[in-house]
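The primary structure of each chain is shown beneath.
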Amino acid sequence: LLGINPFTAMSYAVGAALGTAYSYGLGKFVETIGGSADDAETLQGAGVGQARFAFLILLFVFVGKFRAFGLQEIPSIAGFFTYQIATLSQGLKEYDD
């Protein structure tokens with residue numbers, strides 16, 4: 001399946017890299033929820049969290065620009081949403097408290 005076209009794996013890797021960046025930005029955003037302007041240390045890095053959707057937009061722009069060179073849309077989008085597997089596994093994990 002992945003051996004047919006080498007750009008499929010590269011498209012997936014590009015999507016996974018931007019999905020990881022999105023996950024990092026989402027984590028920074030969640031850290032700032034409930035913080036106030038008085039908590040300067042807590043709000044440090046909040047700009048990355050606010051711009052987290054830029055990673056998804058950047059993925060579409062990047063794939064659209066390099067589509068002529070073989071980059072594919074579906075594998076890159078699937079790679080982007082790979083971070084959801086880790087999120088689901090954490091949510092479904094049983095804790096023995």
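A. The arrangement of the confidence of the model for the chain in detail. Taken over all residues, the pLDDT of the chain has a mean of 78, while the share at 70 or more is 72%. For the chain, helix H3 (residues 46-50) is the element with the lowest average pLDDT, namely 54, and helix H5 (residues 73-80) is the one with the highest, namely 92.

B. Region of interest: the environment of Ala13. By the element assignment, Ala13 lies in helix H1 (residues 6-32). Residues Ala13 and Pro75, 62 residues apart in the sequence, show an inter-C-alpha distance of 8.6 Å.

C. Layout of the packing of aromatic side chains. In total, this model carries 6 aromatic pairs according to the counting rule given. Judged by centre distance (5.4 Å) and plane angle (55 degrees), the rings of Tyr22 and Tyr83 are tilted. On the criterion of sequence distance, the pair formed by Tyr22 in helix H1 and Tyr83 in helix H6 (residues 83-92) is long-range, its members being 61 residues apart. The same class applies to Tyr22 and to Tyr83, which are both buried.

D. Inspection of the pattern of salt bridges at higher detail. This structure, assessed with the given rule, holds 1 salt bridge. Linking Arg67 and Glu73 is a salt bridge whose minimum nitrogen-to-oxygen distance equals 2.4 Å. Glu73 sits in the partly exposed class, given a relative accessible area of 31%.

E. How the structure looks around the packing of helix H4 (residues 53-65) against H5. Put simply, H4 and H5 touch, their axes get as near as 10 Å, and they point 160 degrees apart. With respect to each other, H4 and H5 are oriented roughly antiparallel. Classified by chirality, the crossing of H5 by H4 is right-handed. Across the interface between the two elements, Phe55, Leu56, Leu59, Phe60 and Val63 of H4 pack against Glu73, Ser76, Ile77 and Phe80 of H5. A breakdown of the residues in the contact of H4 with H5 according to their chemical character gives 7 nonpolar, 1 polar and 1 charged.

F. Expanded view of the environment of Thr87. By the element assignment, Thr87 lies in helix H6. Thr87 gets classed as partly exposed once you look at its relative accessible area, which sits at 42%. Along the primary structure Thr87 and Ser23 are separated by 64 residues, whereas in three dimensions their C-alpha atoms are 9.8 Å apart.

Rules of the game
Residues numbered from 1 in each chain as written. Predicted model: local features only at pLDDT ≥ 70, side-chain atom pairs only at ≥ 80, totals over all residues. Heavy atoms only, no water. pLDDT = per-residue confidence, 0-100. Helix = DSSP H or I, 4+ residues; strand = E, 2+ residues; numbered from the N terminus. Phe/Tyr/Trp six-rings, centres within 6.5 Å; stacked < 30°, edge-to-face > 60°. Buried < 20%, exposed > 50% of the residue type's maximum accessible area, 1.4 Å probe, protein only. Salt bridge = Lys/Arg side-chain N within 4 Å of Asp/Glu carboxyl O. Axes fitted to C-alpha atoms, helices over the stretch in contact; angles between N-to-C directions. Parallel < 35°, antiparallel > 145°, perpendicular 65-115°, else oblique. Left-handed = near helix turned anticlockwise from the far one by under 90°. Contact = heavy atoms within 4.5 Å. Nonpolar A, V, L, I, M, F, W, Y, C, P; charged D, E, K, R; others polar.

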